[in-house]
Amino acid sequence: MRRVVILGTGPAGLTAAIYLARADMKPLIIEGSQPGGQLTMTREVDNYPGFVGGVMGPELMENMRKQAERFGAEFKTGWVNSLDLSGPPYRLRVEGLGDILTQSLIISTGASAKFLNIPGEKENIGRGVSTCATCDGFFFKDKKIVVIGGGDTAMEEAHFLAKFGSEVRIVHRRNELRASKIMQNRAQQNKKITWSLNKTPIEIMANNKNEVTGLKIKDNGTGEEEIIETDGIFIAIGHLPSTGFLKGQLNTDETGYIIVKPGSTQTSVPGVFACGDVQDSKYRQAITAAGTGCMAALDAERYVEGSAVHDWSKA
Ligand code: NDP
């Protein structure tokens, strides 16, 4: 019987691991197919506090992991096939590890940005292709920028990026935007923002120095193709939280983000906590994920200590 198990090793899960290991809660952390989470796909992280000259995403995650290990956190690789939250205790069925029983559970399985799956996209992530304007906008001062998508995120990112870039072009696959009226209006009033509507992105072009140089798009009406010259492409077509494995055992919103009690990390099941992007469709920053990871650790510790009266040996 474990006191606490953490699912996921992004900044949220690793921060929870640091706090719980340091509190002698002997957490078990289960890491899945992308140890370190989304930050391992980025290059330089310039806005994580404490690093004057910035830090590389993979290095930041490696350091967090080592910090958790220093306090005795135990890491195991496995894939949670199913779980039973009808306890406590809660039962996890983990491929490669068998069944694990735990008094409390922290879910920090993150979310992933949706990609277009077009040529030139994946190989240029961090080299001109980004899914986070807040993280990478600064690198595109006075450069030409393209934002792909027609939702609120695309409008918000375009507006934000217009502070840095010489021009920002929004490319969207339909003539109508999905974004709310207020966000549309704000983007439309921004003189630096131009539009390519009813166009489908088909290829991201780069030069032999691995710098993005353009986006090939196709007009959905005429079928005509053109290349937009650009230095940076921000893909803002939505995110998907990694919650499929929960099979409806926790309350989520319609996209699948776990709903937590405001001001805490408590989910709809007592003793089960969620932190990081898996419960946050709004801020999605490494530092906010780490912050909620700390909250989840404190919530879980208090829960387990407070349930000490429960006779776990009979569970
Ligand atoms: P949305 O799902 O709302 O929008 C995604 C956009 O990407 C749509 O315009 C969609 O096109 C387009 N898209 C999806 N897949 C593809 C594809 N394969 N190729 C080309 N285009 C594609 O996601 P958002 O991230 O914009 O927003 C998520 C939620 O967060 C929303 O509820 C939003 O309101 C909220 N939000 C609120 C903010 C705020 O209030 N400040 C800021 C940011 C987000 P199509 O329209 O044709 O489907």
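Residues numbered from 1 in each chain as written. Predicted model: local features only at pLDDT ≥ 70, side-chain atom pairs only at ≥ 80, totals over all residues. Heavy atoms only, no water.

J.: Any chance you could explain the pattern of salt bridges here in plain terms?
T.: Note that side chains of opposite charge can pair when their charged atoms are close. Counted according to the given criterion, the structure contains 11 salt bridges. Here Arg2 and Glu74 are joined by a salt bridge, their closest N and O atoms 3.0 Å apart. One end of the pair, Arg2, is in strand β1 (residues 2-7); the other, Glu74, is in strand β5 (residues 74-77), with 72 residues separating them in the sequence. Between Lys76 and Glu74 there is a salt bridge, with the nearest N and O atoms lying 3.6 Å from each other. One network of salt bridges, with partners in common, ties together Arg2, Glu74 and Lys76. (Salt bridge = Lys/Arg side-chain N within 4 Å of Asp/Glu carboxyl O. Helix = DSSP H or I, 4+ residues; strand = E, 2+ residues; numbered from the N terminus.)

J.: Please explain empty space enclosed by the protein as it appears in this structure.
T.: One simple way to see leftover space: roll a probe sized like a water molecule over the atoms. Scanning the model with the defined rule gives one cavity of 30 Å³ or more in all. In this structure, the largest cavity occupies an estimated 30 Å³ of space. Forming the walls of the largest cavity are Lys144, Ile145, Val146, Glu167, Arg169, Ile228, Glu229 and Thr230. Broken down by element, the lining of the largest cavity gets its largest block of residues, three residues, from strand β11 (residues 144-148). Residue composition of the lining of the largest cavity, by class: three nonpolar, one polar and four charged. (1 Å grid on protein atoms, 1.4 Å probe; cavity = no way out; pocket = protein on both sides within 12 Å on 5 of 7 lines; lining within 4 Å. Points joined across faces, edges and corners; volume = space filled by probe spheres on them. Nonpolar A, V, L, I, M, F, W, Y, C, P; charged D, E, K, R; others polar.)

J.: What exactly am I supposed to notice about the sheet that holds strand β16 (residues 225-229) here?
T.: Strand-to-strand pairing in sheets goes through backbone hydrogen bonds, with the strands running parallel or antiparallel. Pairing is antiparallel across the open sheet formed by three strands, whose spatial order is β14-β15-β16. Both outer strands of the open sheet, β14 (199-206) and β16, are each paired with one neighbouring strand and no more. Averaged over all adjacent pairs, the angle separating strand axes in this sheet is 25°, with direction ignored. The pairing of β14 with strand β15 (residues 212-219) spans seven bridges and is antiparallel. In the sheet register, Pro201 faces β15, and the bridge partner there is Ile217. (Pairing = 2+ DSSP bridges. Axes fitted to C-alpha atoms, helices over the stretch in contact; angles between N-to-C directions.)

J.: It is not clear to me how the state of the cysteines should be interpreted in this structure. Could you clarify?
T.: What makes a disulfide is a covalent bond joining the sulfur atoms belonging to two cysteines. Applying the stated criterion across every chain, the model contains one disulfide. Across the disulfide from Cys132 sits Cys135; the S-S distance is 2.1 Å. Every disulfide takes its handedness from the sign of the S-S torsion; for Cys132 and Cys135 that torsion is 75°, giving right-handed. On the basis of relative accessible area, Cys135 is assigned to the partly exposed category, the value being 25%. Cys294 takes part in no disulfide bond, and the closest cysteine sulfur to it belongs to Cys275, at a distance of 9.9 Å. (Disulfide = S-S within 2.5 Å. Buried < 20%, exposed > 50% of the residue type's maximum accessible area, 1.4 Å probe, protein only.)

J.: Please clarify how the pairing of β16 should be interpreted in this entry.
T.: On a regular strand, each side chain points to the face opposite its neighbour's, so the side chains alternate between the two faces of the sheet. Here β15 pairs with β16 via five bridges, running antiparallel. Residue pairing in the sheet places Ile217 in a bridge with Glu226 of β16.

J.: Just to check I follow, could you spell out the site of the ligand for this structure?
T.: As a matter of local geometry, the ligand sits amid 14 residues, with Asp152, Thr153, Arg173, Arg174 and Arg178 nearest to it. Asp152 places a side-chain nitrogen or oxygen 2.6 Å from an oxygen atom of the ligand. Arg178 is positioned with one of its side-chain polar atoms (N or O) 2.7 Å from an oxygen atom of the ligand. In isolation the ligand exposes 910 Å². Once the protein is present, 68% of that is buried. Per-element accounting of the shell around the ligand gives the leading share, three residues, to helix α4 (residues 152-161). In the shell around the ligand, the residues fall into three nonpolar, six polar and five charged. (Near = heavy atom within 4 Å. Polar contact = N/O pair within 3.5 Å; in protein donor to acceptor, adjacent residues only side chain to side chain. Areas by Shrake-Rupley, 256 points an atom, 1.4 Å probe, with all protein chains shown as cover.)

J.: Explain the nonpolar core to me, please; I cannot follow it from the model alone.
T.: Side chains of a nonpolar character, in soluble globular proteins, are inclined to be buried together. Grouped together as the largest cluster of nonpolar side chains are 54 residues, with contacts concentrated most on Leu7, Leu92, Leu105, Ile106 and Ile107. Broken down by element, the residue count for this core peaks at eight residues, all from helix α6 (residues 286-306). For Ile107, the residues in contact, after removing those within four places along its chain, are Leu7, Phe245, Leu246, Leu250, Ile258, Val272, Phe273, Ala274, Cys275 and Val278. Membership of the second largest hydrophobic core comes to 18 residues, among which are Ala133, Met155, Val168 and Ala187. (Core = buried A, V, L, I, M, F, W, Y, C linked by side-chain atoms within 4.5 Å. Contact = heavy atoms within 4.5 Å.)

On their own, these measurements won't tell you what the molecule is for.
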